[in-house]
Amino acid sequence: MSSRLRSTRLGAALAASTIGLLVLSGCAAGGGDGSGGGADPSAEIVVGSQNEPTNLDQIFGGSSGVTEVFTGNVYEGLFRITDDAEVEPLLAAETEVSEDGLTYTFTLQDATFHSGKELTADDVVYSLERFVGEESIAARKRQLSVIDTVTAVDDSTVEVTLSQPSISFTYNLGYVWIVDSEAGDLTATADGTGPYQLDDYRKGDSITLGVYPDYWGDAPANGGVVYQYYADPTALNNALLTGAVDLVTSQSNPDSLGEFEDAGFQIIEGTSTTKEILAFNDRVEPFSDTRVRKAIYSAIDREKLLDAIWDGRGQLIGSMVPPSEPWYIDLADNNPYDPALAEELLSEAGYADGFTFSIATPDSGVHSTVAEFVAAELAKVGITADIEIITDDQWYQQVYTDKDFQATLQGHVNDRDINFYGNPDFYWGYDNADVQRWLTESEAAGSVEEQTELIRQVNQQISDDAASVWLYLNPQLRVAAPGVTGVPENGLNSLFYVSGIQKG
């Protein structure tokens, strides 16, 4: 192919609105080594999950399910985030950074897409542009708004200039898929450079990944992977017990763990970044009033909820930051369980007789069960919560995209996602100028200590404002059949690399 120069300037308004996302420090180490002893390298791995993607394209709200299946498996980024949160080069074979930290030059790996097309710099330019483009609703779009220009210097070299230094730039790039610029609509198809190719997609049922024979890196340790989806956790557990699936990506029913242990299954417990959140639409009354949000927080016995849902596993948190992140501070009691305080705050806000609102909650996972608990707690202080059960697809359109809701229950899986509170256009509409400024300054800070202090200020402020109700931090539990090895241990942003999984 002939080399050519192509440069694109991204919107100045977008580039000016950056919010920092800082590098994750060490979490628990990953799962088994994948050696598998007498494992069969041609065996197909069947993965049971309740986390089905809403579509197959990460920039159009494919949910955490699309990360679980495709990131690092079908699609690759310039960098890779490991199971213990380290940043490794992937499609960026070499990286040079200018002294001022504003120019990154990437030399690309010699790789091909599953369609047979060679990876070129134009594909990288296209992929970065579409990720931060107007149509994208990708979760990390705002963090990558520091990108000013993307240039294809030649077929194998890409130059990216930033509007300001970003210590998290390469970390964030680890979540951006490099896609075939000629592939077209990717909501129901795929064309990546990863070790697996999409063989079959049956919406509402399964996704089948086959080994890509011309993969540029190490071949997978198995003969392919099927993700089998179950809406009902009981059905998922039965599938594991009967051998219909080899492992489950997340165990949502701790009552079943004893049965699995008795049957010789492996219980794999790792580090989670999934927060169960009661999020308000802070733009609308009464949730525009901090006192109302704090009243709701203090009306909910979160410890009782955690025990009811997870039987003592998991952890109470008082802000968006889990203990695995360096700017964590213990805020679990900052908005304490205190119904009398809740009633006092409601009276001060002009709602002594309570009010009625609706909670839109997806029908997946434990959200509807949590919603019932929350509604019962709020009723004790005179608040009526009407529960609106919707599908995941409806949630992404109604809540995330259209922002047409009063309150919602959702699990936020992203690591380093406190930055969402620095974006007043995010679906929950929290708008605090200090928080926005601190997050912006943290990304350009001169030292890790300075960055940490700034984000701890954010952590404290959003908790003081009860920007949301952080109900609890999920435990990360996976269950695998005997003889299955190489299962990733941690639950970092739903990343789930399957190439090292084997079974006998």
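Up top is the structure.
Bear in mind that the values here come from a model prediction, so they are computed numbers and not experimental data. The residue numbering used here restarts from 1 in each chain and proceeds along that chain's sequence as written. Local features are withheld for residues below a pLDDT of 70 in this predicted model, meaning they are given only at 70 or higher, and side-chain atom pairs are given and counted only at 80 or more; totals for whole chains, interfaces and linings count all residues. Think of the side-chain values as coming from all heavy atoms in the structure, minus any hydrogens and water.

**Q** Describe in detail the overall build of the protein, supporting the description with residues and values.
**A** Working definition: helices are DSSP H or I runs of at least four residues, strands are E runs of at least two. Numbering for both runs from the N terminus. On a plain count of helices and strands, the protein comes out with 13 helices and 19 strands. At 23 Å, the protein has a C-alpha radius of gyration in line with the 23 Å of a compact globule built from 504 residues. In terms of its C-alpha atoms, the protein occupies a principal-axis envelope of roughly 70 × 55 × 40 Å. When accessible area is computed with a 1.4 Å probe and restricted to protein chains, residues below 20% of their type maximum are described as buried, those above 50% as exposed, and intermediate ones as partly exposed. The buried share of the protein, taken over its 504 residues, is 57%. Residues are treated as being in contact if the distance between any of their heavy atoms lies within 4.5 Å. For the protein, restricting intrachain contacts to residue pairs at least 6 apart in sequence, the fraction spanning at least 24 positions comes to 73%. Per-residue accessibility takes into account occlusion by the displayed protein chains alone, with areas from the Shrake-Rupley method and a 1.4 Å probe. When the accessible surface of the protein is summed, it comes to about 18600 Å², and 45% of that surface belongs to carbon and sulfur atoms. The sign given to each residue is positive for Lys and Arg and negative for Asp and Glu; His and the chain ends receive no count. To locate a charge, take atom NZ for lysine, CZ for arginine, CG for aspartate or CD for glutamate. Computing the positive centroid from 26 side-chain charges and the negative centroid from 80, the protein places the two 4 Å apart. Computation of the radius of gyration draws on C-alpha atoms, with the globule rule given as 2.2 Å multiplied by the number of residues to the power 0.38.

**Q** Now, about the packing of aromatic side chains: what can you tell me, with residues and values included?
**A** Two rings from Phe, Tyr or Trp (for Trp, the six-membered ring) form a pair when their centres sit within 6.5 Å of each other. Planes less than 30 degrees apart are called stacked, planes more than 60 degrees apart edge-to-face, and all others tilted. Scanning all chains against the criterion turns up 29 aromatic pairs. Summarising the aromatic geometry, the rings of Y400 and Y427 are spaced 5.9 Å apart at their centres and angled 50 degrees between planes, so their arrangement reads as tilted. With a gap of 27 residues between them, Y400 in helix 11 (residues 392-401) and Y427 in the loop between strand 17 (407-412) and helix 12 (433-443) connect regions that are remote in the sequence. Residue Y400 is classed as buried on the basis of its relative accessible area, which comes to 15%. Owing to a relative accessible area of 1%, Y427 belongs among the buried residues under this scheme. Taken together, the ring pairs in this structure connect Y297, W395, Y396, Y400, F405, F420, Y421, F426, Y427, W428, Y430 and W470 into an aromatic cluster. Geometry around Y497 places R80 over its ring, the cationic atom sitting 4.0 Å from the centre. For a ring to carry a charge above it, either NZ of a lysine or CZ of an arginine must fall within 6 Å of the ring centroid while also lying within 35 degrees of the normal to the ring plane.

**Q** Go over the packing of helix 7 (residues 290-299) against helix 9 (residues 339-348), please, and point to the residues and values.
**A** The contact between helix 7 and helix 9 brings their axes to 8 Å, and the two run at 160 degrees. The orientation of helix 7 with respect to helix 9, classified from their angle, is roughly antiparallel. Our pair here, helix 7 against helix 9, has a crossing hand that is left-handed. Residue-level contacts link R291, K294, A295, S298 and A299 of helix 7 to P339, L341, A342, L345, L346 and E348 of helix 9. Classes in brief: Ala, Val, Leu, Ile, Met, Phe, Trp, Tyr, Cys and Pro nonpolar; Asp, Glu, Lys and Arg charged; the others, Gly included, polar. The residue inventory of the contact of helix 7 with helix 9, partitioned by class, reads seven nonpolar, one polar and three charged. Between N-to-C directions, angles cover 0 to 180 degrees, with each direction set by a line fitted to C-alpha atoms, over the stretch in contact for helices. Any angle that falls under 35 degrees is termed roughly parallel, while one over 145 is termed roughly antiparallel, one within 65 to 115 roughly perpendicular, and all others oblique. With the far helix as reference, a near helix turned anticlockwise by less than a right angle produces a left-handed crossing, and one turned clockwise produces a right-handed crossing.

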